Amino acid sequence: MPLTRCYSTLPFAITRFPARTTAYIHLAPKRSLSNKSQPSPVRYEPDPDASPENVQNEFIQHTTFAFKNLGKMLAYVGYGTLIVGLVTATAYEGGHLWIERKMHITPDEDAKRWGWEVEGWTGGDGGGTSPALGFVGRHAVRAAWFSLYYDSPFGGVTTISQANGANGMGNLNVAPSDLESARIYLEEAMARVRDQHGRVRMDTVGSDLLERHAAVLERIGTRAALARAREEYLQIFDDGRDARFSKARFAVKIGDISERLGNVEAALTWWTRGITLATDDNFLEISTPTRVTPPSPSPTGGIFTSALWKWTMSPPEEASSSPLIETKSSKVALPNRPPSSPAAQRTLVAALLSISAHYSKINQLKEAKLIQEYAISLIDAMAPMPMASSYVSRAVQSAGQSLHHMYLLQRKSVFALHHAEVTYSLAPSSVLWKARPLTEPVMDLLTAASSSEIVAQVLTGTSSLPSDAPYGGSSQPATERPKVPHPAASHAPLASAYGESLWLRPSARSVLRDARRTAVEAWDLCGVLYKEIDRGELKAVECFERALGWAEEPRSEGERLGATTVDAWQFLWERYMEARGTVRAE
């Protein structure tokens, strides 16, 4: 059989393609052998779109399409970033403008008359920040102000402070994050006002920044921070531009920091210098106070209606030499007449309080007692205190005068508290207290507690005790946890007359905080003394309950309270429950 006839009988046919093409096998159905005709040839027609030019154009189109989409995406991202940036910048600058407005100071002639000074943040009498700091410096000052006066979500977190002095002490010191942030921002602003020698220029702007920075370091409280704060206060004191009473205030601050650093002799020197600078020639004669027996307790009001101490002042006599307290290591001269300036009066009282605490700590109790009795008589000469807080509110006509009186009354309560501790320590034995139910230390503590409650009541504008929650835990069931009543003044905010004034708000907050803490401490120690007196357990329970009423109960472990710490509150609660159990057992 010819070869061609053999090909025709195959179930498929092999077809050849033109040049530059790939041969392939074309499958065809099996033909019958009887069909003698030849199959028609299959022609291949190339795809016109498969030409190199078209393929190249197609790649170009796809690439162009991808780049166009990428460009749209980049445009959307760019526009979004621009919008977000504009919103963020607007909010940031708007926040700084709001802070600048909050830092604005409204003139207050009453506050100036009573010697209250507003904190300077480089803006001068009008408040705010100084344009001399530039854009970055002004923003740094505002950030520092915000860190100090507004709580952040991380306000209670501690961080490692780098507050080193020139001596390089203590690189690793733990400090609250808010204080550390304020320190960093203030140092950023201070870098804008340094001279070629690296010292801060002592103009209004530099002096304000240096004082704010030193105050932050003093609050941080590490040894390195205290050493640097002392150097900065010394720089301000040596400037010579401040008034005499301002120098007295800085001298007392330097003495306090020196005492915390362990330099006792320098501390006494600076406290004495502060007393000297605070004293002027306009004074009133005072004499040694004479104790008057306090009124007997009311049968219905218990021990808590006892009046404050009364001091009698002798008529003015001719000026005599100043009292001189001589200790083992130094001498402290005290003025025999109070200064006339309210600011100088507060500075003098602050110096006396520091000296009293110092003598108590170094166990020179007789000198400390003399300082305390002298200071109490001096305060009564400067601002005689009425008995009831309602009378205080009616008698005082201005917020500045009221805050001045409350400052002196609160410091008087601290002196009374110190006097109680020193008197108790100087007693020969505790048998004396069992023989005299109302001893001198107990009356001192009642004076301190009553004075502190009046201060808190006036500054908050609230009543001292809740009318529907009488004190005394013995009437509550033993199976239930006793509910301690809290006076409204123990947690109420400042009254609007003090809280809305930039001149009075910082000092009022400080005085209110100290008054609450003094009330807690005085009632607590009063309960301890009543436990040593025969048949004084019930009064001890009332005192402990009163102390718990002024202390805020902790809401979480490790929380820092306004009037006491969590550990101190827990210890106070245990003493209260122990005394309460003793009363129930009897």
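Residues numbered from 1 in each chain as written. Predicted model: local features only at pLDDT ≥ 70, side-chain atom pairs only at ≥ 80, totals over all residues. Heavy atoms only, no water.

What follows deals with the overall build of the chain. Along the chain, the regular secondary structure elements total 19 helices and eight strands. When the 586 residues of the chain are sorted by exposure, 44% land in the buried category. Here the contacts in the chain between residues at least 6 apart in sequence split such that 67% fall between residues at least 24 apart. Carbon together with sulfur atoms contributes 56% to the accessible area of the chain, which is approximately 31,500 Å² in total. (Helix = DSSP H or I, 4+ residues; strand = E, 2+ residues; numbered from the N terminus. Buried < 20%, exposed > 50% of the residue type's maximum accessible area, 1.4 Å probe, protein only. Contact = heavy atoms within 4.5 Å. Areas by Shrake-Rupley, 256 points an atom, 1.4 Å probe, with all protein chains shown as cover.)

This part covers the environment of A375. Take A375: it is sitting in helix α11 (residues 365–382). Along the backbone, A375 and L334 are 41 residues apart, and their C-alpha atoms lie at a distance of 9.9 Å. Once residues within four sequence positions are removed from consideration, A375 is found in contact with L352 and F415.

A separate point is helix α4 (residues 134–149). Structural remark: α-helix, 3.6 residues per turn; residues separated by three or four positions point the same way. End to end, α4 covers 23 Å across 16 residues, agreeing with the expected 22 Å (1.5 Å per residue, within 8%). For α4, the full list of buried residues reads G137, H139, A140, V141, R142, A143, A144, W145 and S147. (Expected span 1.5 Å × (residues − 1).)

Orientation of helix α8 (residues 244–260) relative to helix α10 (residues 342–361), taken along the N-to-C sense of each, is 15 degrees, at an axis distance of 9 Å. Taken together, α8 and α10 sit at an angle that is classed as roughly parallel. Considering only the axes of α8 and α10, their crossing is left-handed. Residues F245, A248, R249, V252, D256 and E259 of α8 touch α10, and the partners they reach there are A344, T347, A350, A351, S354, H358 and K361. Its residues assigned to classes, the contact of α8 with α10 shows six nonpolar, three polar and four charged. (Axes fitted to C-alpha atoms, helices over the stretch in contact; angles between N-to-C directions. Parallel < 35°, antiparallel > 145°, perpendicular 65-115°, else oblique. Left-handed = near helix turned anticlockwise from the far one by under 90°. Nonpolar A, V, L, I, M, F, W, Y, C, P; charged D, E, K, R; others polar.)

What follows covers the packing of helix α17 (residues 505–532) against helix α18 (residues 537–550). Closest axis-to-axis distance for the α17/α18 pair is 8 Å, and the angle between their directions is 165 degrees. Our classification of the angle between α17 and α18 gives roughly antiparallel. Pair α17 / α18 crosses with left-handed handedness. On the side of α17, the interface is formed by R516, A519, V520, W523, D524, C526, G527, V528, Y530 and K531, while α18 contributes E537, K539, A540, C543, F544, R546, A547 and W550. Among the residues making up the contact of α17 with α18, the classes are represented as eleven nonpolar, one polar and six charged.

Looking now at unusual backbone geometry. Not every positive phi belongs to a glycine, and T122 is a case in point at roughly 80 degrees. Among the secondary structure elements, T122 is positioned in the loop between α3 (109–113) and α4.

The subject of this paragraph is the environment of L348. By the secondary structure assignment, L348 is in helix α10. Setting aside anything within four residues of it in sequence, one finds L348 in contact with I275, A278, P335, P339 and L378.

Right, let's talk about α10 for a bit. Between its first and last C-alpha atoms α10 spans 29 Å; for 20 residues at 1.5 Å apiece the expected length is 28 Å, and the two agree. For α10, a buried count of 16 out of 20 residues is recorded, marking the element as mostly surrounded by other parts of the structure. Phi turns positive, to about 70 degrees, at N363, one or two residues after α10.

What follows deals with the pattern of salt bridges. By the definition in use, this model includes 16 salt bridges. Put simply, E117 and R249 hold a salt bridge, and the shortest N to O gap is 3.5 Å. Placement of E117 in the loop between α3 and α4 and of R249 in helix α8 is noted, with a sequence separation of 132 residues between them. Relative accessible area serves as the criterion here: at 26%, R249 is assigned to the partly exposed category. Close ionic contact of E188 with R192 constitutes a salt bridge, the shortest N to O distance being 2.5 Å. One network of salt bridges, in which partners are shared, links E180, R183, E187, R228 and E232. (Salt bridge = Lys/Arg side-chain N within 4 Å of Asp/Glu carboxyl O.)

Among the nonpolar cores identified, the biggest contains 81 residues, and L352, F415, L459, Y498 and W523 are the most heavily contacted of them. Counting only elements with at least two residues in this core, the list comes to α9 (264–278), α10, α11, α13 (399–426), α15 (440–460), α17, α18 and α19 (566–585). L133, V200, L209 and Y233 belong to the second largest nonpolar core, which has 42 residues in total. (Core = buried A, V, L, I, M, F, W, Y, C linked by side-chain atoms within 4.5 Å.)

In this section: the packing of aromatic side chains. Following the criterion strictly, the structure yields six aromatic pairs and no others. Taken together, the aromatic side chains of W98, W145, F146, Y149 and Y150 make up a single cluster linked through ring pairs. (Phe/Tyr/Trp six-rings, centres within 6.5 Å; stacked < 30°, edge-to-face > 60°.)

When the pLDDT values of the chain are averaged, the result is 74; 67% of them are 70 or greater. Taken together, the stretch residues 387–394 has pLDDT below 50 and engages in ten contacts with residues farther than four places along the chain or on a different chain. (pLDDT = per-residue confidence, 0-100.)

This paragraph deals with a nonpolar patch on the surface. A grouping of F67, L70, M73 and L74 is seen on the molecular surface, where their side chains present a nonpolar patch of about 450 Å² in accessible area. If you trace the backbone, L74 turns up in helix α2 (residues 52–102). Take L74: its relative accessible area is 56%, and that puts it in the exposed class. (Patch = residues over 30% accessible without salt bridge, like charges linked within 9 Å, V, L, I, M, F, W, Y side chains within 5 Å.)

Note on placement: L525 falls in helix α17. Once the C-alpha coordinates of L525 and F544 are considered, the two residues, 19 residues apart in sequence, prove to be 8.6 Å apart. Once residues lying within four places of it in the same chain are set aside, the contact partners of L525 are L417, E421 and L445.

Once that is clear, we can look at the side chain of Q235. Inspection of the secondary structure assignment puts Q235 in helix α7 (residues 223–237). Ignoring sequence-local partners within four residues, the contact set of Q235 consists of R199, V200, M202 and L210.

This next bit is on the state of the cysteines. Tallied over the full model, the rule gives zero disulfides. This cysteine, C526, is not joined by any disulfide, and C543 carries the nearest cysteine sulfur, 3.5 Å off. The buried category is assigned to C526, whose relative accessible area is 0%. We classify C543 as buried; its relative accessible area is 0%. (Disulfide = S-S within 2.5 Å.)

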